[in-house]
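Analysis of the macromolecular model
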Amino acid sequence: MRVRKMSALVGAALILGGCLVLYMMMDLAVFPSDVHDNKWVQFEGRLKQLEVDLHRHHETVGKLKHTIKHLISNSPIPNQYQQHSNHTVTVSSTTTIVPESHVSCSSQFRTVPRTDIQMLDVYKELKFDNIDGGAWKQGWNVELSEQEWGKRKLRVFVVPHSHNDPGWIKTFEDYYHSQTRNILNNMVSKLSEDPRRKFIWAEISFFSLWWDEIPAETKEQVKKLISDGQLEIVTGGWVMNDEASTHYFSMLLQMMEGHQWLLNQIEFKPRNSWSIDPFGQSPTMAYLLKRMGLENLVIQRVHYSVKKYLARNKNLEFRWRQLWDGDGSSDLFTHMMPFYSYDVPHTCGPDPKICCQFDFRRLPGYGISCPWKVPPQVITKQNVAHRAGLLLEQYRKKAQLYQTNVVLAPLGDDFRYDHASEWDAQYNNYQKIFDFWNSKPHLNVEAQFGTLKDYFNAVREESMPEGFLSLSGDFFTYADRDDHYWSGYYTSRPFYKRVDRMLVSYVRATELLFSLAWGTKQSSSDWLLAPESGLTKLLSDARRSLSLFQHHDAITGTAKDHVVEDYAKKLLEAINGMQHVMQQTAHFLLSPPQVPYQPNSEFVYFDMDNMRKQHYSIPEKAVVFFGEGFESQRVVLYNSLTWRREELVTLRVSTRNVKVTDAAGISVPSQTSPVFQEFSDVIAESHYDITFMADVPSLGLTTYLLHAVLPAKNIDNAMSHVKLLNFVGSAPRIEGFEYIEVVDEAKEFSIHNDHLSAAFSEQGLLKAVTLKDTGVTVPLHLDFARYHARQGQERSGAYLFLPDREAETVKWDSSPVRIVEGPLFSQVHMHLPGVQHTVTLVNTQGTDSLGLEVQNVVDISDQVNCELVMRISSNIKNGDDFYTDLNGLQIIRRKRFFKLPLQANYYPLPTMAFIQDQAFRFTVVTAQPLGVGSLKEGQIEVMQDRRLNQDDNRGLGQGVTDNKPFPATFRLILEQRQPSCQGTASDHPAGLPTVAAHVASLSLLHPLFHLLWLGKTQDKLESRFAPMTREPGSDIHVVMLHTLTSQSGNAAGLVVHRQEMDPCFPLEQFSLSNGLLNVSNLLPTQFGNTMKEATLSFLDEGKTVQKNAAHPICHMEMSSFIFTR
């Protein structure tokens, strides 16, 4: 054994030595002047090139590369390289290298990863001609070969299911009480009658509600049905989440909520996923499922032309691969349903007229019928041969669309099986058909009821997943027929989409702070988890409310008005709950360690800055009052990100003479501005906004003090200069702003900071941006435009975007333009019909200074069939290419196709989109999910809101007319590409964010939290909580730190993600990691010295590892760990 090890070591050394000599010789030719100092750096660069050349041998190269990284981490690195590369090596002297860390990373951007089917190429090839295929209208006439089926044995798995929407036409609770409870009760009794019966269930939100009210003996029956294989829980998420507007944090959270419930209540771990109703499918979902330990996936809502294309080549089953994956390690075996819908008429075969006759819920007298006017028949001895023959022909035709002889035949629809009679009708009649087939060997068919596990096991018996082609890309934008593209719901009800992202930030930040508190003050923190404190219930309720809203009829904005209201009330209650837990936890962490803590879990120590009065209200800033006895006020700031943040904080105060100091009493520069009333240029009389530069530690809390002072003593405060253009009348006045400059005509102007200058038109809209580093000016024309719904029977609604023509630019008579300028920020504010438009330019070194911040308070409640967009036009030569993100996890390349209608070129915008050429990149970062398109070269347009007065015939039965004013927030970032930089391959189907776009997106999604102290300033509190000892790099993001509570004990789960950045747009102030994460730098004193590796939803645990070890994290990947205390 020792000889073998020695031989292996010698062999590896020889390989390394040979590579070193070869590539050092190449380096001498290319880099003759500085080889000595940069030898390891250049070697790693050459090794990357070697990896490109030998990508088919990625595993060996990956091991070599990681060995070199270890050498680099233990070798001195020249300062000039650190500055050039923006990489900070974070391995400290106390870090131990993981022995097994020869991990091969699969992310591949400099070359195009190998995949068999790439969806962008498919789109280029498809004609989208929509030829009438006969019985299978969107396909073709599938013909049977009787001779072929005489040799092949068909295996059929009929999978009964009931799709239960946790809110759509009815609220979540109304559906449960009126239908879902009956379905689940019937499930137990009817499956128990016959062991041959099978059933699948997906939505744990409903299942947990039912579980809480059933007796112990029923629970045992359910567990037995699961263990016997009659009942399978599929996916196991709290809901069947939307995949367009959702953020990957929320997708992970709702899955984790369901998985942890299953683990704690039933000890069940899902392995098969069922995603049949989201309106388009994202590879982000496939990635998360794979990393959670699931093995197979079923999807349904995909463009009918794509289904036809894949079916023609028998590629409806494939290995879904991530866009960056160079070795297939992310592959998830996926089954795509071939036909129009998941209902029975469209799941047995290509002819819905025949399939509908085998939906026995449609028997005469049952309340629903077949649209094709031919009803089902009860199966009898007299007709079984004929009826079974009809059905077998459909199954065989369906099988011809797939590679194997195994057929998946779902048997269900929305809220099916709520009456016992349907269970009997479906199961009894199908069993008669199965018995007939199975008794006739010459038919070469074997049929049974089945689960997804049964089906996928049978497929694997014929062919392992490696025998199927790989596919990369997404399935947006979905069309179910004709030119009916479901791109409207990307924007529908944007007010609540914005609330979703606010709750995301609250849930993540509060859980993180709560877990830090539980893990930090171990001797006095047990009360946090005690049921009587109520804090864990507030956390659980908020997680479940956020999870519920990820449902594909919730965040999408495609539910009835009263259902949307119900969701909104739950979201507001969750935000309020998180605010309470956050302020409780902050007080606990800042309490003096020498004094025993006396918890009072109901007490309010801090007010939160942003408060909502109603579920339909825009957040309002709390006013910090000064007066006798309150000459000073304390504010605590909380940063939930893993890097130190130096950003502006704005608070509303009752006096203009306010001085800001840090906890040590050192004065902080500030800027005071007047407060203008909404939709007017009237100044509020008793309120001012004070803005100051804050410095907040990573994952930490810090304190600032506000003091009411005399003007002469406030030398570090500047009063904003206010100018009103195109303003007619007397200037508004208020104490401190008696000399507002008024210009009674419109004219062009500009605002500046240290990095850029922004020029504006006479109307007050952005016109151009100049980058001061290079002096280059780029036209960026911002305007607003309207789409109108086309006429006819098929019109835009909650789901569909069906415009009558290209958008027309919004025109209006000139209105006043307000300019506020000062040393910390400058701001432009103007009104146009339906929009209060504000552009802010910040003068700091933090993320808030990266580009221009745009806020549009949109109100189109007086419009009819109006869809409002914000457009930014430039001279960037992007051709017909542009890029959008998928769920905030990855970026996909899009192409504007002139063969497709306008609405087909709209895509989801969860966090960012960009266009680029060889010189510049322009990125729009958004704080809320919306719809986006690039319909002309150099242009990006983002839908702001939609008001549609009619239904679009997709089942909702109403238009979208409940519009609420809301502040849509964006960051516009223009960057110049480094010359001769090799970034992502020019033909790569994916893209990468710049460092600026990445950190700007995180800062928009996770803003600093402002906690306003309600006690006296002299009350004893620590001024600071800073748990981290070293920042991991801005590419490492703590996705969640989640407290896991169960009967077996309490633990905490950590999930981290590493984002790869585009190397052609470096940013000096934000360093990147070297790919090795020392968790002890994040959590130095929390949760002991060891942790366990785990799957993403913490279903499965791996080996125990040291917390202070250097754990490799590949680009684009997530790692998760479980801690006990």
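Attention here is on the structure that accompanies the text. (Residues numbered from 1 in each chain as written. Predicted model: local features only at pLDDT ≥ 70, side-chain atom pairs only at ≥ 80, totals over all residues. Heavy atoms only, no water.)

Take the state of the cysteines next. Within this structure, the stated rule accounts for four disulfides. Cys348 shares a disulfide with Cys355; S-S distance 1.9 Å. Sign of the S-S torsion, about -85° for the bond between Cys348 and Cys355, identifies this disulfide as left-handed. For the pair Cys348 and Cys355, one class covers both residues: buried. With a sulfur-sulfur separation of 2.1 Å, Cys981 is cross-linked through a disulfide to Cys1064. On the sign convention where negative means left-handed, the S-S torsion of about -85° between Cys981 and Cys1064 marks this disulfide as left-handed. Taken together, the residues Cys981 in the loop between β44 (966–976) and β45 (990–991) and Cys1064 in the loop between β49 (1051–1058) and β50 (1076–1077) connect sequence positions 83 residues apart. (Disulfide = S-S within 2.5 Å. Buried < 20%, exposed > 50% of the residue type's maximum accessible area, 1.4 Å probe, protein only. Helix = DSSP H or I, 4+ residues; strand = E, 2+ residues; numbered from the N terminus.)

If you trace the 12 strands from one edge of the open sheet to the other, you get β26-β25-β32-β33-β34-β35-β44-β41-β40-β37-β38-β45, paired in mixed fashion. Bordering the open sheet on either side are β26 (741–743) and β45, each of which pairs with just one other strand. As judged from the six bridges shared by strand β37 (residues 881–886) and strand β38 (residues 890–895), these two strands associate in the antiparallel manner. For Leu886, the partnering residue across the bridge sits in β38 and is Gln890. (Pairing = 2+ DSSP bridges.)

Here we take up the environment of Phe249. Secondary-structure assignment places Phe249 in helix α10 (residues 248–265). Counting along the chain gives 640 residues from Phe249 to Leu889, while the straight-line C-alpha distance between them is 9.0 Å.

Below, the discussion takes up the pairing of strand β23 (residues 701–708). By the criterion of burial, β23 is predominantly enclosed, with seven of the eight residues buried. As paired elements, strand β17 (residues 632–638) and β23 share seven bridges and run antiparallel to each other. By the bridge assignment for β23, Arg634 is matched with Leu705. Across five bridges, strand β19 (residues 658–662) lies against β23 in antiparallel orientation. Within β23, the position partnered with Val660 by the bridge is Leu706. Direction of pairing for β23 relative to strand β47 (residues 1024–1025): antiparallel, over a ladder of two bridges. Within β47, the position partnered with Leu701 by the bridge is Phe1025.

Next up on the list: the environment of Leu1011. Relative to the elements of secondary structure, Leu1011 occurs in strand β46 (residues 1009–1013). Of the residues examined, Leu1011 reaches a relative accessible area of 0% and is grouped as buried. Separated by 186 residues in the primary sequence, Leu1011 and Phe825 have C-alpha atoms spaced 23 Å apart. Setting aside chain neighbours within four positions, we find Leu1011 in contact with Met582, Gln583, Ala586, Phe606, Asp607, Met608, Arg634, Val635, Val636 and Tyr638. (Contact = heavy atoms within 4.5 Å.)

Counting 263 residues, the largest nonpolar core has Phe207, Tyr395, Tyr430 and Trp437 as the members making the most contacts within it. If we ignore the near neighbours within four places in the chain, the residues touching Phe207 are Leu184, Met187, Trp201, Val222, Ile233, Trp261 and Ile266. One finds Val653, Val668, Phe676 and Leu824 within the second-largest nonpolar core, a separate group that totals 33 residues. (Core = buried A, V, L, I, M, F, W, Y, C linked by side-chain atoms within 4.5 Å.)

Moving on: the pairing of strand β40 (residues 912–916). Working note: regular strand, side chains alternate between the two faces of the sheet. Most of β40 sits inside the fold, with five of its five residues counted as buried. In β40, alternate side chains face the same way, and those of Met912, Phe914 and Gln916 on one face and Ala913 and Ile915 on the other are all buried. Examined bridge by bridge, β37 and β40 share two bridges and lie antiparallel to one another. Looking across to β40, one finds that Tyr883 is bridged to Phe914. With five bridges connecting them, β40 and strand β41 (residues 920–926) associate as antiparallel partners. Its bridge partner being in β41, Phe914 is matched across the sheet by Thr923. The turn linking β40 back onto β41 is made up of three residues.

Once that is clear, we can look at the packing of helix α7 (residues 172–192) against helix α8 (residues 204–211). Two elements in contact, α7 and α8, have axes separated by 10 Å at closest approach and are oriented at 75°. By the angle between their directions, the pair α7 and α8 is classed as roughly perpendicular. Along its contact with α7, which presents Phe172, Tyr175, Tyr176, Thr180, Arg181, Leu184, Asn185, Met187 and Val188, the element α8 presents Ser205, Phe206, Phe207, Leu209 and Trp210. A breakdown of the residues in the contact of α7 with α8 according to their chemical character gives 10 nonpolar, three polar and one charged. (Axes fitted to C-alpha atoms, helices over the stretch in contact; angles between N-to-C directions. Parallel < 35°, antiparallel > 145°, perpendicular 65-115°, else oblique. Nonpolar A, V, L, I, M, F, W, Y, C, P; charged D, E, K, R; others polar.)

With that out of the way, let us pick up the pattern of salt bridges. As enumerated under the stated definition, the model contains 56 salt bridges in all. Two residues, Asp561 and Arg493, come together in a salt bridge whose shortest N-O distance is 2.8 Å. Here the residue Asp561 occupies a position in helix α20 (residues 561–590), and Arg493 occupies one in the loop between β12 (470–472) and α17 (494–520), the gap between them amounting to 68 residues. Note that Asp783 and Arg871 form a salt bridge whose closest N and O atoms lie 3.1 Å from each other. Placement of the pair is Asp783 in strand β30 (residues 776–788) and Arg871 in strand β36 (residues 866–874), with a sequence separation of 88 residues. For Arg871, a relative accessible area of 11% puts it in the buried group. Each member of the salt-bridge network shares a partner with another, and the members are Asp359, Arg361, Arg362, Arg416 and Glu422. (Salt bridge = Lys/Arg side-chain N within 4 Å of Asp/Glu carboxyl O.)

For the rest of this paragraph, the subject is helix α14 (residues 384–399). At 3.6 residues per turn, the α-helix brings residues three or four places apart onto the same side. In this model, α14 (16 residues) spans 22 Å end to end at C-alpha, consistent with the 22 Å of a helix rising 1.5 Å per residue. Counting buried positions along α14 gives 12 out of 16 residues, so the element sits mostly inside the fold. The complete set of buried residues in α14 reads Val384, Arg387, Ala388, Leu390, Leu391, Leu392, Gln394, Tyr395, Arg396, Lys397, Lys398 and Ala399. Structurally, α14 contributes buried residues whose contacts are with α6 (146–151), β3 (154–163), α13 (352–355), β10 (406–414), α15 (420–438) and β11 (445–449). (Expected span 1.5 Å × (residues − 1).)

Within the secondary structure, Gln322 is located in the loop between β8 (317–321) and β9 (332–336). On a C-alpha basis, the gap between Gln322 and Met1116 in space is 9.8 Å, while along the polypeptide they are 794 residues apart. Apart from residues lying up to four places away in sequence, Gln322 is in contact with Pro283, Thr284, Ala286, Tyr287, Ser330, Ser472 and Gln890.

What follows concerns unusual backbone geometry. Here the residue pair Phe476 and Thr477 is connected by a cis peptide bond, since its omega of 0° sits within 30 degrees of zero. Position of Thr477 among the secondary structure elements: in the loop between β12 and α17. At Phe128, a residue that is not glycine, the phi angle is positive and equals roughly 50°. Residue position: Phe128 is located in the loop between α5 (119–125) and α6.

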